[in-house]
Amino acid sequence: MAAEPASSNHDLRRFADVNAVAAGFLRDLAYAQTSESRMFGYKRAAAAVLAIDRPLTALVEPGRRLSKIPGIGPASERVIFEVLESGTSATVERAVAASDRAADIARRRTLRQHFLSRAEVVRILNDPLFGGPSLRDYQGDLQMHSEWSDGTPSLGDIASACLARGYTYAAVTDHSHGLKIAGGMSMAEAAAQHEAITGVNAEYTGRFRLIRGIEANIGADGRLDLSDDEAACFELVLAAPHSKLRRSDDQTDRMLAAVANPHVHVLAHPRGRISGSRAGVVADWDRVFAAAVRHGVAIEIDGDPSRQDLDFSLAARALAAGCVFALDSDAHAVPQLRFAETAVAHARLAEIPPERIVNCWPLERLLEWLRRPA
Ligand SMILES: [Zn+2]
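Cut-offs and rules
- Residues numbered from 1 in each chain as written.
- Predicted model: local features only at pLDDT ≥ 70, side-chain atom pairs only at ≥ 80, totals over all residues.
- Heavy atoms only, no water.
- Helix = DSSP H or I, 4+ residues; strand = E, 2+ residues; numbered from the N terminus.
- Rg over C-alpha atoms; globule rule 2.2 N^0.38 Å.
- Buried < 20%, exposed > 50% of the residue type's maximum accessible area, 1.4 Å probe, protein only.
- Contact = heavy atoms within 4.5 Å.
- Areas by Shrake-Rupley, 256 points an atom, 1.4 Å probe, with all protein chains shown as cover.
- Lys, Arg positive; Asp, Glu negative; His and termini not counted.
- Charge placed at Lys NZ, Arg CZ, Asp CG, Glu CD.
- Axes fitted to C-alpha atoms, helices over the stretch in contact; angles between N-to-C directions.
- Parallel < 35°, antiparallel > 145°, perpendicular 65-115°, else oblique.
- Left-handed = near helix turned anticlockwise from the far one by under 90°.
- Nonpolar A, V, L, I, M, F, W, Y, C, P; charged D, E, K, R; others polar.
- Donors = N, O, S within 2.8 Å, 3.2 Å for Na, K, Ca; no water.
- Phe/Tyr/Trp six-rings, centres within 6.5 Å; stacked < 30°, edge-to-face > 60°.
- Lys NZ or Arg CZ within 6 Å of the ring centre and 35° of its normal.

**Q** Explain the overall build of the protein chain residue by residue, including any values.
**A** Helix and strand content of the protein chain: 15 helices and nine strands. Relative to the compact-globule value of 21 Å for 374 residues, the protein chain shows a C-alpha radius of gyration of 21 Å, a close match. Dimensions of the protein chain, computed from the C-alpha atoms along their principal axes, are close to 60 × 45 × 40 Å. Out of the 374 residues belonging to the protein chain, those deemed buried represent 54%. Within the protein chain, residue pairs in contact and separated by at least 24 positions form 75% of the contacts whose partners lie at least 6 positions apart. Carbon and sulfur atoms provide 54% of the accessible area of the protein chain, an area that totals close to 15700 Å². Charged side chains of the protein chain number 43 positive and 48 negative; the gap between the two group centres comes to 5 Å.

**Q** Break down the packing of helix 7 (residues 118–126) against helix 14 (residues 339–349) for me, citing the residues and quoting the values.
**A** Where helix 7 contacts helix 14, the two axes come as close as 9 Å, and the packing angle between them is 55°. Comparing the axis directions of helix 7 and helix 14 gives the class oblique. Helix 14 is crossed by helix 7, and the crossing has left-handed handedness. Contacts between helix 7 and helix 14 pair R118, V121, I124 and L125 from the former with E341, T342, V344, A345, R348 and L349 from the latter. Its residues placed into classes, the contact of helix 7 with helix 14 shows six nonpolar, one polar and three charged.

**Q** Got a sec to walk through the coordination of the zinc ion? Specific residues and values, please.
**A** For the zinc ion, the full set of protein donor atoms is E215 (OE), H242 (NE2) and H269 (NE2), and the range of their distances to it is 1.9 to 2.2 Å. Donor residues for the zinc ion sit on one chain with the sequence pattern E-x26-H-x26-H. Residue E215 is found in strand 5 (residues 209–218), and its partner H269 is found in the loop between strand 7 (266–267) and helix 12 (285–295); the two are separated by 54 residues along the sequence. The buried category is assigned to H269, whose relative accessible area is 1%.

**Q** Pulling in residues and values, what's your account of the packing of aromatic side chains?
**A** Taken as a whole and assessed by the stated rule, the structure comprises four aromatic pairs. Between Y138 and Y167, the aromatic rings sit 5.4 Å apart at their centres with planes inclined by 70°, giving edge-to-face as the arrangement. Of the two residues, Y138 is situated in the loop between helix 7 and strand 3 (140–141) and Y167 in the loop between helix 8 (155–164) and strand 4 (169–172); the sequence distance between them amounts to 29 residues. Per residue, the accessibility class of Y138 equals that of Y167, and both read buried. The interplanar angle of 85° and the centroid separation of 5.9 Å between the aromatic rings of W361 and W369 together place this pair among those described as edge-to-face. Across this residue pair, the class does not change: W361 and W369 are buried. A cation over an aromatic ring shows up here: R108 above the ring of Y31, its NZ or CZ 4.0 Å from the ring centre. Just above the ring of W361 sits the side chain of R365; from NZ or CZ to the centre is 3.9 Å.

Here it is as structure tokens:
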């Protein structure tokens, strides 16, 4: 894989992410396969490499072997050793050159920029040289999905898991009714969920608070799928794009309309990019960030490993514009709550002061901001 020019200290540090590089080659090899089962095998190996907590260099054992990693077979291990020893993989390059999907693989390579592996996230969280927030500063997660839309956990599961992570609050942000494909909640379901949240909060009074949130969908014209009256039923409104994410034309007006909506608190996964798959919304982000500052809308760093949206480089521009940030997991299951750590790692790379991160504020300050976002 061609290295980008090192334009900053952070880019230099990012080159240490050997797991992301090795996983990238395994993804390339997956797409060069003609057999589906081998394609899935290499995809599984790439996912396994991205999810381990330690760099591959720390897992090398005598005799040119790797410690056993579930999901990684001998063929993937050979590729990993090529990457560890040369920074590239001759095996993968040969397979790609011989594949009739070479152009598609080249396109996918351009869509992996600024994605961190789990091992790199852990390293950044533990490196005191980075500024920005630590996990201790992080008070609660403001994007997650429950069994009320396309997630698996119950509200009780969420509350106990967040409390176990040391949070003092969390927002449940199931999808709104416009996003049928993700089991979006009707307003009647939202009302029932709010009663259930009140019940959970009564159990945890003084220790933990669930916030009544919603992830509203931004339409092609920038309007939400919630009316003003509907949006006003929620304490926290995230607005996020879920359509027209593969277009190359400018969508600045769409995003400007979303942040100008007085009910919106957070612009969530602003681009809608997916690692190795799509770049997401194309917009003049500096204009969007400036508008977000004017309207008091926070910009999200979504920590889902396949999203990482914003990433640290775009987040640094939002920081310079004067934005405040929300760092969220976008979890759809309890183990995914740790995705918030990926968002915290990007905030550390961008050196965002905790003061500028709404999840680092105490509950009362956060609630006050939610009541008067602008
Ligand atoms: Zn979403």
